[in-house]
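Descriptive analysis of the structure
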Amino acid sequence: MRSKGVLHADTEILVPFFDVDTMNVVWHGHYVKYLEVARCALLDKIGHNYDAMVASGYAWPVIDLQLRYVRGAVFGQKLNVRANLVEWENRLKISYLISDLHSGERLTRACSVQVAVDMGSREMQLASPKVFTDAVERALP
């Protein structure tokens, strides 16, 4: 879960009231939503977002998701969610860091893994489609 990655995107999140529980901390399941926002920003930066994935004939389901909670975020807190591209040639692996926007204090670390699935045959691909790897290669510094 600690991989820095070769490309990253940062997203600012303001914790809304409806994401917190009775203890005024973000309910654990809502962190997944924050990861998705950051993942979409990273895919936009790559130039191959979910719309482009579908247009190319592939779905990219999440097959693994890990989160490590360090400190709970609270209502009204401004967060930075960083998504780091770690792997892309055989699967899409992204590591995440959720931190307090102002202090930089680490709140949560996470990692997601997605694989390409041919939408016609519904078969999992053993390598990422060339259309995706080409987009990543173009986006790399």
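Residues numbered from 1 in each chain as written. Predicted model: local features only at pLDDT ≥ 70, side-chain atom pairs only at ≥ 80, totals over all residues. Heavy atoms only, no water.

Side note on helix H3 (residues 130-139)
Taken together, the buried positions of H3 are occupied by Phe132, Thr133, Ala135 and Val136. In a view along the axis of H3, the buried residues occupy a sector of 155°, so they form one face of it. Opposite the buried face of H3, by more than 90 degrees, sit the exposed residues Lys130 and Arg138. Looking at the buried positions of H3, the neighbouring elements they touch are helix H1 (30-46), helix H2 (50-55), strand S4 (78-87) and strand S5 (92-100). (Buried < 20%, exposed > 50% of the residue type's maximum accessible area, 1.4 Å probe, protein only. Helix = DSSP H or I, 4+ residues; strand = E, 2+ residues; numbered from the N terminus. Arc of directions from axis to C-beta. Contact = heavy atoms within 4.5 Å.)

Looking at unusual backbone geometry
Look at Asn24: it is not a glycine, yet its phi comes out positive at around 65°. A positive phi angle, close to 65°, is found at Arg122, a residue other than glycine. Among the secondary structure elements, Arg122 is positioned in the loop between strand S7 (117-118) and H3.

With respect to the sheet that holds strand S6 (residues 106-114)
Spatially, S1-S4-S5-S6-S3 is the arrangement adopted by the five strands of the open sheet, whose pairing is antiparallel. Single-partner strands in this sheet number two, and they are strand S1 (7-14) and strand S3 (62-69). Taking the axes of each pair of neighbouring strands and ignoring which way they run, one obtains an average angle of 15° across the sheet. The sheet contact formed by S1 and S4 spans eight bridges and is antiparallel. Bridge pairing in S4 places Ile13 opposite Leu79. Along the sheet, H1 makes contact with S1, S3, S4, S5 and S6, crossing S1 at roughly 135°. (Pairing = 2+ DSSP bridges. Axes fitted to C-alpha atoms, helices over the stretch in contact; angles between N-to-C directions.)

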